[in-house]
Amino acid sequence: RAIKTAWTACSGAECFSMPIITSWRLNERHYGALQGLNKAETSKKHGEDQVKIWRRSYDVPPPPLDPSDSSHPANDPQYAGIPPDALPSAESLALTVDRVLPFWNDQIAPCIARGKSVLVAAHGNSLRALCKYIEGMSEKDVLELNIPTAVPLVYELDRNLKFVRKYYLMDPDEVAKKVAAVANQGKVAKDPQVMIFQLGTNNWQSVEEPAPGSGILHEAHHIAYNAMPECHSYSVYPSSIHSENPGREKVKVAKLPHKIPICESISPVSDKRWHGMPDSEIAEYMKRLEDLCYDQMALGEADTGRTYDFAIAHHCFLNQVVMQRVIRKRMAEGKAKIPLVAFCHGTALKMFNLEKKGDPEYPMRFKSMMDELKVFEDVQAVVTISEDNKKMFLSHFPSFKEENIFVSLNGYNPLIFYKYPDTLQEGLKRFTTKPYEGSGRTKDTIPGDNYEKMVLFVGKFADWKRLDMVLKTAKLYEAKYPDICTVIAGTGGPNDIKYYQDMAYQEIGLEHTYFVGAQMQPDLARLASIANIGVFPSKSEPFGMVFIECMACGTPVIGANSGGPRDFVSEAVGCLIPDDELSVPSTDKLIDDLFTAVCTALDEDWKTTKGPACLKLTEKFSMNEQCDGIVRKLSDILKL
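Residues numbered from 1 in each chain as written. Predicted model: local features only at pLDDT ≥ 70, side-chain atom pairs only at ≥ 80, totals over all residues. Heavy atoms only, no water.

Caption draft 1: Structural context of the overall build of the protein chain. From N to C terminus, the protein chain includes 22 helices and 15 strands. For the protein chain, the C-alpha radius of gyration of 27 Å lies close to 26 Å, the compact-globule estimate for 640 residues. Counting only C-alpha atoms and orienting by the principal axes, one finds that the protein chain spans roughly 80 × 70 × 45 Å. By sequence separation, contacts in the protein chain at least 24 residues apart represent 70% of the contacts at least 6 residues apart. Counting only carbon and sulfur atoms, one obtains 51% of the accessible surface of the protein chain, whose full area is about 29700 Å². Each charge class in the protein chain was averaged separately, 74 positive and 84 negative side chains, and the resulting centres sit 3 Å apart. (Helix = DSSP H or I, 4+ residues; strand = E, 2+ residues; numbered from the N terminus. Rg over C-alpha atoms; globule rule 2.2 N^0.38 Å. Contact = heavy atoms within 4.5 Å. Areas by Shrake-Rupley, 256 points an atom, 1.4 Å probe, with all protein chains shown as cover. Lys, Arg positive; Asp, Glu negative; His and termini not counted. Charge placed at Lys NZ, Arg CZ, Asp CG, Glu CD.)

Caption draft 2: Structural detail: the state of the cysteines. This structure, assessed with the given rule, holds 0 disulfides. Note on Cys-293: no disulfide assigned, nearest cysteine sulfur contributed by Cys-316 at a separation of 17 Å. A residue is classified by how much of its surface remains accessible, and Cys-293, at 0% relative accessible area, is buried. Looking at the unpaired Cys-316, the closest cysteine sulfur is the one in Cys-344, lying at 3.4 Å. The class for Cys-316 is buried, based on a relative accessible area of 1%. (Disulfide = S-S within 2.5 Å. Buried < 20%, exposed > 50% of the residue type's maximum accessible area, 1.4 Å probe, protein only.)

Caption draft 3: Here's a closer look at a nonpolar patch on the surface. A surface patch of nonpolar side chains, amounting to about 250 Å² of accessible area, comprises Ile-3, Trp-7 and Ile-20. Topologically, Ile-3 is positioned in helix H1 (residues 2-12). (Patch = residues over 30% accessible without salt bridge, like charges linked within 9 Å, V, L, I, M, F, W, Y side chains within 5 Å. Salt bridge = Lys/Arg side-chain N within 4 Å of Asp/Glu carboxyl O.)

Caption draft 4: Seen up close, the packing of helix H8 (residues 213-227) against helix H22 (residues 623-637). Between H8 and H22, whose axes approach to 9 Å, the crossing angle comes to 75°. Taken as axis vectors, H8 and H22 run roughly perpendicular relative to one another. Contact residues: Leu-217, Ala-220, His-221, Ala-224 and Tyr-225 in H8; Met-623, Asn-624, Gln-626, Cys-627, Ile-630 and Val-631 in H22. Residues that form the contact of H8 with H22 fall into these classes: 8 nonpolar, 3 polar and no charged. (Axes fitted to C-alpha atoms, helices over the stretch in contact; angles between N-to-C directions. Parallel < 35°, antiparallel > 145°, perpendicular 65-115°, else oblique. Nonpolar A, V, L, I, M, F, W, Y, C, P; charged D, E, K, R; others polar.)

Now the structure itself:
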């Protein structure tokens, strides 16, 4: 975390040549046998007073970690070059000061003496150790020092390196709030004030089973809710591969005997449509989820001793039916009715649109079922991801109270999506092409040294994502810029992969476009960091999380002027090309407009001129901010 903080700070300040020195001596204090344990739960077990002594006494270390323990630093390959006797098994603050000061004397102080300004990115206790030494604090004073997270603290020293003054680069009132939050970390929390259950429609992210956007969002919300003070979230989601998720707490996985069904188009892992399933298979699917949700809800109540404040069913389709059944079953047993919330992502609404239009592949079936079951009469609130989605929802369910619908712009994970330090050339070499079997093409590493510019597309291979427009536009800008390449990250069904790769290489004749397949989120962040521009010209994109994630990596975006991106993409961070006709496949005018926009972005160097605005805009789109806002708004609507 400290290394990433240093990278981010240097990148944001455009100090790309600044030398960065890493050292184990700046590590956080080692809490011995308590390492990794939750502070509040440890307080419950050992008592607040004892935990405060361990955490905040100056010279009393916590119980030591056994040197044979696999998590002991002496058994970590990262510290292989350090004498084992020098590595701590447990530390008091006094021992942390002893560990940190040699780095001050050997590295930091000489730099300051030469007139340099030094940025130290470290941790709460290693920073307190430095503060104690710089200010000459007493042992008592340093125990009461609380340093807020992620707020730059400036020290000014005289020519003899004596303390002159210090100040934070933040409004003093905001600093005070953050200091109070640090001071309260070790206190026993009251009973959880918010208890949430969530049922997802799609799998969570794994190497074996890449997740679509709604699955990624459900997982991120689950983590964010559980990280909020006095909040618990229990979840269930389906998977066609896994039967459990040992890396996550408070979650159960519904292992399916088939691929995860989808509403329309395709997902990264499935081409199985609901409309292709017989009633018996759908009934079996719903029964499996119903039983698992019932059991998981009971487990959560047993764990916490509380009842649920509300249940969130993701999408606007069968999950609401499943939760309707679970809630009624619980009520029949004498339990209180739990408010049901629908989190409206958009693809189910698109499926309902196709049914209403009489599309032969989507005969009227599920929208009429939702109406017959009066599902949304049992839904108390709807969270949706854009104003367009809200309008579409009301077009299908016009009797729902509009005041109980609110737009929550999706959040991203800032621990994954940030500006990575790779150069374009180095970054491209990390990726290998993924031709379809039988294409006659080989898997090759992208030749990064050949390029100075890059256009990025990320998305599933569905017609409304308009990958065809990106490929046809690439033919034009590749002719204008000989040093440019296009990277296509995403996937679809076998026929879709073949269709778009054949279009690129056989029909259009592209020579500098690379299909790299589905990628895990950290790799998508690396691609976004090295790209000059992200191009995502979807027709009526429900929200556009890919825009947010790209901008969080400092890269401007180009999209179409339809759907969710209109809520947040402005000229400060990119542009939206006209999309009045909502054409699929793309028209010559759309291709010409996209070509003009890409050329403008490259010629005006939007990466430099608009990149800082991209980073600033995405600050308000963090997953924590979104989840906090959802809880507050639902608390008002549901009168919790």
